[in-house]
Amino acid sequence: MHIRPARAAELPALRAVERAAGYPFRELGMAEIADDEPPALDVLESYRRAGRAWVATDDDAHPLAYLIAEPVDGALHIEQVSVHPDFAHRRIGRALLTYAADRARDEGLTHLTLTTFTEVPWNAPYYARLGFRTLDDAELTPGLRKIRVLEAEHGLDRWPRVCMRRP
């Protein structure tokens, strides 16, 4: 496996990874999440141009997973990390998060943050095992509050969600 910045020609493949990564949500009664459209190509391109879209590839350079992020209130906020289910349980997500943390440190950002579902095994419980901790309301920065409002408007609050942070 190799991790590197995403290439423009790979963006459709990242959308395919995202679609495939959504399928397991259906088994948890979260069909709306499973059926949610991946980020549009122009959105992925904006992350790529900003240097904040990374892929994990196999030896033939086929994307297996990806991560997009943006700075929010002095932290690197993980907007999305998705691993194709055919390659789950191989520590690819962990490797992408480590790569993102290294990039954040290079930029002087002090933490990684993300928002996630509390009751999905490969969401909050997984991130907790990787050193993320749940933030209480008093710890939310203005940027994280804004992200949560946008998520609620998108219907994601139908299931319990939290903000998490890792140094």
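The structure presented is a predicted model; accordingly, all values stated were derived computationally and were not measured.

### Here's the deal with the UniProt feature "domain: N-acetyltransferase" (unreviewed entry) in the protein chain
1) Next: Per the UniProt record, the feature "domain: N-acetyltransferase" (unreviewed entry) sits at residues 1-151.
2) Next: Measuring from the first to the last C-alpha atom of residues 1-151 gives 32 Å, for a span that is 40% helix and 24% strand.

### Quick look at the pattern of salt bridges
1) Next: In the structure shown here, the tally under the stated rule is 15 salt bridges.
2) Next: Between R49 and E45 there is a salt bridge, and its shortest N-O distance comes to 2.8 Å. Of this pair, R49 and E45 both sit in helix α3 (residues 41-49), separated by four residues, roughly a single helical turn.
3) Next: The exposure class of E45 is buried, given its relative accessible area of 15%.

### Considering the packing of aromatic side chains
1) Next: According to the stated counting rule, one finds six aromatic pairs in the structure shown.
2) Next: Ring centres of F25 and F117 lie 6.1 Å apart, and the angle between their planes is 65°; this geometry places the pair in the edge-to-face category. With F25 in helix α1 (residues 11-26) and F117 in strand β5 (residues 112-117), the pair connects residues that are 92 residues apart, well separated along the chain. The pair F25 / F117 is uniform in exposure class, with both members buried.
3) Next: The cationic tip of R103 hangs over the ring face of Y99; the distance from NZ or CZ to the ring centre is 4.3 Å.
4) Next: The side chain of R161 reaches across the aromatic face of F117, ending 4.4 Å from its centre.

Analysis parameters
- Residues numbered from 1 in each chain as written.
- Predicted model: local features only at pLDDT ≥ 70, side-chain atom pairs only at ≥ 80, totals over all residues.
- Heavy atoms only, no water.
- UniProt positions renumbered as here; feature names shortened; annotations may be inferred.
- Helix = DSSP H or I, 4+ residues; strand = E, 2+ residues; numbered from the N terminus.
- Salt bridge = Lys/Arg side-chain N within 4 Å of Asp/Glu carboxyl O.
- Buried < 20%, exposed > 50% of the residue type's maximum accessible area, 1.4 Å probe, protein only.
- Phe/Tyr/Trp six-rings, centres within 6.5 Å; stacked < 30°, edge-to-face > 60°.
- Lys NZ or Arg CZ within 6 Å of the ring centre and 35° of its normal.

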